[in-house]
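# Observations on chain architecture
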Amino acid sequence: KQEVTQIPAALSVPEGENLVLNCSFTDSAIYNLQWFRQDPGKGLTSLLLIQSSQREQTSGRLNASLDKSSGRSTLYIAASQPGDSATYLCAVRVYSGGGADGLTFGKGTHLIIQP
Amino acid sequence: DTAVSQTPKYLVTQMGNDKSIKCEQNLGHDTMYWYKQDSKKFLKIMFSYNNKELIINETVPNRFSPKSPDKAHLNLHINSLELGDSAVYFCASSYKRGTGNTEAFFGQGTRLTVV
């Protein structure tokens, strides 16, 4: 059964720092991996989607990498800002359910950027 | 325009009652999902529907009954509510694997409190 782990569980850094959030998964047979952010009391906002055949994706100050064989992904945030404060969730889509596969989530990294 | 919308946003009800949560997506996706986020903020899939057909049912009590009148709507009906049902329920949508971009989009969540 697929399990997703995110490290660290919480992180607090000063504004302007570059930082890395880690995600690992136990079964490398994934279809894709998606990073989300969740603000308190809000829904999930999709940040980046990486297909299993891809190595990385970039969007603005965010860069996500995927090493499927080792079961790892990282989310790199450049020049962090207070508005980046949120919980970041990693989720993998596995092959199941006839194509209507669900996502398996990690427990998230709670990020605080200090002004 | 809200891509995935759920109603209501908050729901407070007594034990034993029956309640429904509605979800609609305007993204043209063919697959919709229900996820549950527990008190520890862990997200887990409950159901997936593809073109109105139930695909995934993840060991959810049969008091929970999803219904999909068409591929743009997926409702969740809960009978005989229990204290342990208190959680945030998220609706999501995407394309089925193989039919399009499988990036998943989430609604803002429905916070259910059973008293």
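Quick notes on the rules
Residues numbered from 1 in each chain as written. Chains lettered and ligands numbered in written order. Predicted model: local features only at pLDDT ≥ 70, side-chain atom pairs only at ≥ 80, totals over all residues. Heavy atoms only, no water. Pairing = 2+ DSSP bridges. Helix = DSSP H or I, 4+ residues; strand = E, 2+ residues; numbered from the N terminus. Disulfide = S-S within 2.5 Å. Buried < 20%, exposed > 50% of the residue type's maximum accessible area, 1.4 Å probe, protein only. Contact = heavy atoms within 4.5 Å. Buried area = accessible area lost by both parts, 1.4 Å probe. Salt bridge = Lys/Arg side-chain N within 4 Å of Asp/Glu carboxyl O. Axes fitted to C-alpha atoms, helices over the stretch in contact; angles between N-to-C directions.

Residue and element names in this part refer to chain B. The pairing of strand β1 (residues 4–7) with strand β3 (residues 19–25) spans 4 bridges and is antiparallel. Each residue of the ladder has a partner; that of valine 4, found in β3, is glutamine 25. Of the pairings in the sheet, the one linking β3 to strand β8 (residues 73–78) comprises 4 bridges and is antiparallel in character. Each bridged residue has a counterpart across the sheet, and for glutamate 24 the counterpart in β8 is histidine 73.

According to the stated counting rule, one finds 2 disulfides over all chains in the structure shown. For cysteine 23 of chain A, the disulfide goes to cysteine 90 of chain A, at an S-S distance of 2.0 Å. Taking the torsion about the S-S bond as the criterion, the cysteine 23 of chain A to cysteine 90 of chain A disulfide, at about -60°, is left-handed. In this pair, cysteine 23 of chain A sits in strand β3 (residues 19–25) while cysteine 90 of chain A sits in strand β9 (residues 86–94), placing the two residues 67 residues apart along the sequence. A relative accessible area of 2% means that cysteine 23 of chain A is categorised as buried. A relative accessible area of 0% means that cysteine 90 of chain A is categorised as buried. Between the sulfur of cysteine 23 of chain B and that of cysteine 91 of chain B lies a disulfide, 1.8 Å long from S to S. What sets the handedness of the cysteine 23 of chain B and cysteine 91 of chain B disulfide is the S-S torsion sign, and at about -80° it is left-handed. Pair noted here: cysteine 23 of chain B is in strand β3 and cysteine 91 of chain B is in strand β9 (residues 87–94), with a separation of 68 residues, a long-range link. With relative accessibility at 1%, the residue cysteine 23 of chain B sits in the buried group.

On to the interface of chain A and chain B, then. Facing 27 residues of chain A, the contacting portion of chain B comprises 26 residues. Both sides together, the interface formed by chain A and chain B hides about 2000 Å², and carbon and sulfur atoms give 54% of it. It is Leu44, Ala100 and Phe105 of chain A that lose the most area in chain A upon contact with chain B, and together they represent 23% of the buried surface on that side. The interface formed by chain A and chain B contains 1 salt bridge. With a closest N to O distance of 2.5 Å, arginine 97 of chain B and aspartate 101 of chain A form a salt bridge. Among the elements that make up the side of chain A that touches chain B, the one with the highest residue count is strand β4 (residues 30–38) of chain A (5 residues).

Residue and element names in this part refer to chain B. Read across the sheet, 4 strands follow the order β1-β3-β8-β7 without closing on themselves; strand pairing throughout is antiparallel. Two strands bound the open sheet, and with one partner strand each, they are β1 and β7 (64–70). Averaged over all neighbouring strand pairs, the angle between strand axes comes to 20°, with direction disregarded. As judged from the 5 bridges shared by β7 and β8, these two strands associate in the antiparallel manner. Among the inter-strand pairings, lysine 67 is bridged to a residue of β8, identified as asparagine 75.

All names here are of chain A. The sheet built from 5 strands is open, its strands ordered β1-β3-β8-β7-β6 with antiparallel pairing. Every interior strand has two partners, whereas the edge strands, β1 (4–7) and β6 (56–59), have only one. With strand direction ignored, the average angle separating the axes of adjacent strands in the sheet is 15°. With 4 bridges connecting them, β6 and strand β7 (residues 62–67) associate as antiparallel partners. The partner of glutamine 57 across the bridge, within β7, is alanine 64.

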